[in-house]
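# Close look at the chain arrangement
As a plain string of letters, each chain reads:
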Amino acid sequence: MLLEINLITISFWTGSGLLILGLAALVAFARAIQGPTAFDRLLAINIIGTIAVLVVCLYGFFDGRPAFLDIALLYAFINFIATIAVLRFFRFGTLGEEGSAASKSRENDDIWGNLND
Amino acid sequence: MHDDPVVRIVAKVLIPSIMLFAFYVQFHGDFGPGGGFQAGVIFASAFILHAIIFGLNRTRHVWAFRPNLAVLCVGVLLYGGTGILGMLGGGNFLNYNVLGDTPQAGQHLGILLVELGVGMSVAASMVMLFFAFAGRATHNRFLSSKERNDE
């Protein structure tokens, strides 16, 4: 019921903006599924996160609720942390260690060379 | 990862901003979205970012286990203490009305203290959870080397 009311009150500009962002997210999602390497997928997921930030900002702006900007800012922070965490996990295999025996041996591996195999 | 200048500089800019944002969410919770739990998680995410980039050992130097445990316990005590304070003032447990001169002032103070306690405990437990999970590989290697030595 609430969802229907929201859909009716959404203005033309909000609707078209959300539609365009949704299409962009779909394109990025296709790359995330298709992506030949892990980095393509990671970049696609990062783009989807950025689009989510934009959607939150847009909806908050058109709905007249500036508190949505706080949520968008938080989403941007967490998006960055998540990307760095996944990148680190791909590079080192662990989340917390640096300079230990396991990560040292992985550190010397050429990751691009591994991917070209 | 700390030898990558881009990641390092961005993290140096972002970590204080995330902490400041956590305090904003903590103390602005009455007027906007937020509160103690969310602020605690955001504050802990700053330490998680530090640990991801600079390594767990450096983060353990910055934020050691014992102060973390102390913050966790002080947060719980602050929550419970505010509740007990309400009881001492003649109300029920966690009754804020008796804390100030007027019920409004008492509620303001009480909610601030309780949310501060929640934020402290949540931040400390999130950091502790991340340390426990991220340090598991080291711990397992330590255990297996100990087993080898025992044999």
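Note that the structure is a prediction, hence the values are computed from the model and not measured. Position labels on residues start from 1 in each chain and follow its written sequence. Naming scheme: in the order in which they are written, chains are lettered from A and ligands are numbered from 1. Two thresholds apply to this predicted model, a pLDDT of at least 70 for residue-level local features and 80 or more for giving and counting side-chain atom pairs, whereas whole-chain, interface and lining totals are computed over all residues. Calculation of side-chain values draws on the structure's entire complement of heavy atoms; hydrogens and water are dropped beforehand.

Time to look at the overall build of chain A. Across its full length, chain A holds 6 helices and 0 strands. Put simply, DSSP marks the helices as runs of H or I at least four residues long and the strands as runs of E at least two long, and each gets a number from the N terminus on. For chain A, the N- to C-terminal ordering of α and β elements is α-α-α-α-α-α. Taking the intrachain contacts of chain A between residues at least 6 apart in sequence as the baseline, contacts between residues at least 24 apart amount to 41%. For chain A, the exposed surface amounts to about 7,600 Å²; the carbon and sulfur share of it is 71%. Note on contacts: a residue pair is in contact if any heavy atoms of the two residues lie within 4.5 Å. Only the protein chains shown count as cover for residues, and all accessible areas are computed by the Shrake-Rupley method using a 1.4 Å probe.

If you tally the helices and strands in chain B, you get 6 helices and 0 strands. In sequence order, the secondary structure elements of chain B are arranged as α-α-α-α-α-α. We compute the radius of gyration from the C-alpha atoms alone; for a globule the expected value is 2.2 Å times N to the 0.38, where N is the number of residues. Taking 15 Å as the expected radius of gyration for a compact globule of 151 residues, we find that chain B reaches 20 Å, considerably beyond that expectation. Seen along its three principal axes, the alpha-carbon backbone of chain B occupies a region of about 65 × 45 × 20 Å. Exposure is judged per residue with a 1.4 Å probe applied to protein chains only, and the accessible area is read against the type maximum: over 50% gives exposed, under 20% gives buried, and values in between give partly exposed. Counting all 151 residues of chain B, 34% fall into the buried class.

The set of buried Ala, Val, Leu, Ile, Met, Phe, Trp, Tyr and Cys residues whose side-chain atoms join them within 4.5 Å is what this entry labels a nonpolar core. Of all hydrophobic cores here, the largest spans 28 residues; its most connected members are Ile18(B), Leu49(B), Ile52(B), Ile53(B) and Phe130(B). Those elements that provide at least two residues to this core are α4 (68–92) of chain A together with α1 (5–27), α2 (36–54) and α5 (103–134) of chain B. Ranked by the residues each element gives to this core, the list is headed by α2(B), at 11 residues.

Every axis corresponds to a line fitted to the C-alpha atoms, with the helix fit spanning only the stretch in contact, and the corresponding angles, defined between N-to-C directions, vary from 0 to 180 degrees. Where α4(A) contacts α1(B), the axes come no closer than 11 Å and their chain directions differ by 140°. By the criterion of interaxial angle, the relationship of α4(A) to α1(B) is oblique. Considering how the two elements wind past one another, α4(A) and α1(B) form a crossing that is left-handed. Residues Asp70(A), Leu73(A), Leu74(A), Phe77(A), Phe80(A), Ile81(A) and Ile84(A) of α4(A) lie in contact with α1(B), whose contacting residues are Val7(B), Val10(B), Leu14(B), Ser17(B), Ile18(B), Phe21(B) and Tyr24(B). Residues are grouped as follows: nonpolar covers Ala, Val, Leu, Ile, Met, Phe, Trp, Tyr, Cys and Pro; charged covers Asp, Glu, Lys and Arg; every other residue, Gly included, is treated as polar. For the contact of α4(A) with α1(B), the per-class residue count stands at 12 nonpolar, 1 polar and 1 charged. What sets the label is the angle itself: under 35 degrees gives roughly parallel, over 145 gives roughly antiparallel, 65 to 115 gives roughly perpendicular, and the rest give oblique. Left-handed describes a crossing whose near helix is turned anticlockwise from the far helix by less than a right angle; the clockwise case is right-handed.

Right, let's get into the side chain of Thr82(B). Position of Thr82(B) among the secondary structure elements: in helix α4 (residues 65–88). For Thr82(B), the side chain forms a polar contact with the main-chain oxygen of Leu78(B), separated by 2.6 Å. We define a polar contact as two N or O atoms separated by no more than 3.5 Å, with the added condition that, inside protein, one atom must be a possible hydrogen donor and the other a possible acceptor, whereas residues neighbouring each other in sequence contribute only through side-chain atom pairs.

Residue and element names in this part refer to chain B. Two rings belonging to Phe, Tyr or Trp (six-membered ring only in the last case) form a pair when the distance between their centres is within 6.5 Å. Interplanar angles under 30 degrees mark stacking, angles over 60 mark edge-to-face geometry, and anything in between is tilted. In this structure the tally under the stated criterion is 8 aromatic pairs over all chains. Both rings, one in Phe-43 and one in Phe-47, keep their centres 5.7 Å apart while their planes meet at 65°; by these two values the pair is edge-to-face. Note that Phe-43 and Phe-47 are positioned in helix α2 at a spacing of 4 residues, about one turn of the helix. The buried category is assigned to Phe-47, whose relative accessible area is 9%. Between the aromatic rings of Phe-47 and Trp-63, the centroid separation amounts to 5.5 Å while the plane-to-plane angle is 20°, which identifies the pairing as stacked. Of this pair, Phe-47 sits in helix α2 while Trp-63 is found in the loop between α3 (56–62) and α4, placing the two residues 16 residues apart along the sequence. These aromatic residues form a ring-pair network of at least three members: Phe-23, Phe-27, Phe-43, Phe-47 and Trp-63.

Considering the arrangement of structural elements, one finds Leu87(A) in helix α4. Sequence separation between Leu87(A) and Ile47(A) is 40 residues; the distance between their C-alpha atoms is 15 Å.

Before going further, it helps to examine the environment of Trp63(B). Residue and element names in this part refer to chain B. Classification of Trp-63 by relative accessible area gives partly exposed; the value is 21%. Sequence separation of Trp-63 and Val-127 is 64 residues, and the distance between their C-alpha atoms is 9.2 Å. Ignoring anything within four residues of it in the chain, the contact list for Trp-63 reads Phe-47, Asn-68, Val-71, Val-127 and Phe-131. A polar atom in the side chain of Trp-63 sits 3.2 Å from the side chain of Asn-68.

This next bit is on the environment of Val53(A). Residue and element names in this part refer to chain A. Relative to the assigned elements, Val-53 resides in helix α3 (residues 38–63). Sequence separation between Val-53 and Ala-24 is 29 residues; the distance between their C-alpha atoms is 13 Å. Residues in contact with Val-53, not counting those within four places in the same chain, are Ala-72, Tyr-75 and Ala-76.

To continue, consider the confidence of the model for chain A. The quantity called pLDDT is the predictor's confidence in a given residue, expressed from 0 to 100. Mean pLDDT over chain A stands at 78; residues scoring 70 or higher make up 73%. Highest mean pLDDT in chain A belongs to α3(A) (91); lowest belongs to helix α6 (residues 111–116) of chain A (42).

A few words on α1(B). For α1(B), which comprises 23 residues, the first-to-last C-alpha distance of 34 Å matches the rise-based estimate of 33 Å (1.5 Å per residue) to within 8%. Three or more residues of α1(B) are buried, namely Val7(B), Ala11(B), Leu14(B), Ile15(B), Ile18(B), Phe21(B), Ala22(B), Val25(B) and Gln26(B). Buried residues belonging to α1(B) abut α4 of chain A together with α2 and α5 of chain B. For α1(B), the capping residue at the N-terminal end is Asp4(B), with a side-chain oxygen 3.2 Å from the backbone nitrogen of Val6(B). Helix span, as expected, comes to 1.5 Å for every residue beyond the first.

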